[in-house]
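# Observations on the model geometry
Single-letter residue listing:
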Amino acid sequence: MKQSRHIVHIAASAAFMLSGLGFGLLNDRRAEAVMSPPSSASLSMFSDVGGTWQNAIDLPQLYISPQNLLMWLLLFALWAVVALDAVGQMLDPADPDPDSSPVWAPLVATLVLGAIWPWLYRDLPLLSALVAIGALAAALFAATQARRRQRPAISFLAGWTTGVVTAAMAGLVGSMFGLSIGEAAIMAILPGAALGIAVQAQIGPSIGFPAAMIWGFCGLAVTTMGTNPIIALAAIAGISAMAIVLIHAAS
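The structure reproduced in this document is the subject of the present report. The structure displayed is predicted, hence computed values, not measured ones.

The rules behind each value
Residues numbered from 1 in each chain as written. Predicted model: local features only at pLDDT ≥ 70, side-chain atom pairs only at ≥ 80, totals over all residues. Heavy atoms only, no water. Helix = DSSP H or I, 4+ residues; strand = E, 2+ residues; numbered from the N terminus. Buried < 20%, exposed > 50% of the residue type's maximum accessible area, 1.4 Å probe, protein only. Contact = heavy atoms within 4.5 Å. Core = buried A, V, L, I, M, F, W, Y, C linked by side-chain atoms within 4.5 Å. Phe/Tyr/Trp six-rings, centres within 6.5 Å; stacked < 30°, edge-to-face > 60°. Expected span 1.5 Å × (residues − 1). Salt bridge = Lys/Arg side-chain N within 4 Å of Asp/Glu carboxyl O.

### Some thoughts on the environment of Trp104
Note that Trp104 resides in helix 5 (residues 104–116). When its relative accessible area of 22% is taken as the criterion, Trp104 is described as partly exposed. For the pair Trp104 and Gln145, spaced 41 residues apart in sequence, the C-alpha to C-alpha distance is 9.6 Å. Excluding residues within four positions of it along the chain, Trp104 makes contact with Arg5, Val8 and His9.

Okay, structure coming up:
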């Protein structure tokens, strides 16, 4: 049983990394709506009664289909720490008995659900939203359970998941209710930062969570500074909030 759990963890990590790499490289529709000036962006979400995603507010695309080197580096850093954690747990597990580990199940759930939902959100946005929320809940639970277990990869994964899932939810809600891209970005970044502050109190002295969120917000600011300054300003506000959390966690 112990060995099988390690194999499942490694397989889930590989699926998460390969899915993310495939989506980032093969996705044929990048974040045109986010990258374009607000006046030219289409905010229509549903093209028919079936609810297919068309010209929605693609905030999560900035995370999962990067537009610049900074966001690609964030993805590579994420995949690296996920892979190192999986291999490290096989060689030197933080929990000698994986069957009693409170981290294994939510971590594997995060990786599996995180590999699935990006491929669904265009054609099945509501189902994708449910899967993404499940991934976020599992990531946050895993991060709280990994407190003081010397596994920074889990908090880093939770921070990245918080950023991308709140962006996806804000894009979905914004498209449904006809919000501007700037308003949707504020819905993603500021509540995401508030959630991050609350979660960090439960995670404890781990800098992985705020570091991942700050890195993501920096990428958003750099990507949109020239074309959509409202998003960039919201990202800077999020960076400021999470920087305070990072300093507190580091101290």
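### Here's the deal with the nonpolar core
Formed by 61 residues in total, the largest nonpolar core has its most connected members in Tyr63, Trp117, Trp160 and Phe217. Broken down by element, the residue count for this core peaks at ten residues, all from helix 7 (residues 152–176). Here Phe217 is in contact with Tyr63, Ile189, Ala193, Ala235, Gly238, Ile239 and Met242, once residues within four sequence places are set aside.

### Some remarks on the packing of aromatic side chains
Within this structure, the stated rule accounts for six aromatic pairs. Ring geometry for Phe23 and Trp119: centres 5.1 Å apart, planes at 85°, overall edge-to-face. You can see Phe23 sitting in helix 1 (residues 2–26) and its partner Trp119 sitting in the loop between helix 5 and helix 6 (125–145), a full 96 residues away along the chain. Owing to a relative accessible area of 44%, Trp119 belongs among the partly exposed residues under this scheme. Centre to centre, the rings of Phe156 and Trp215 are 6.4 Å apart; their planes meet at 80°, and the pair counts as edge-to-face. Note that Phe156 is positioned in helix 7 and Trp215 in helix 9 (residues 208–224), a separation of 59 residues in sequence.

### Observations concerning helix 7
Compared with an ideal rise of 1.5 Å per residue, which puts 25 residues at 36 Å, helix 7 spans 36 Å between its outermost C-alpha atoms and is within 8% of the ideal. Across the 25 residues that make up helix 7, a large majority, 21, are buried. At the exit of helix 7 stands Gly178, carrying a positive phi of roughly 70°.

### A word on the pattern of salt bridges
As enumerated under the stated definition, the model contains one salt bridge in all. Arg151 serves as the salt-bridge partner of Asp85, at 2.7 Å between the closest nitrogen and oxygen. Of this pair, Asp85 sits in helix 4 (residues 69–91) while Arg151 is found in the loop between helix 6 and helix 7, placing the two residues 66 residues apart along the sequence. Looking at Asp85, the relative accessible area reads 11%, which means it is buried. Judged by its relative accessible area of 8%, Arg151 is buried.

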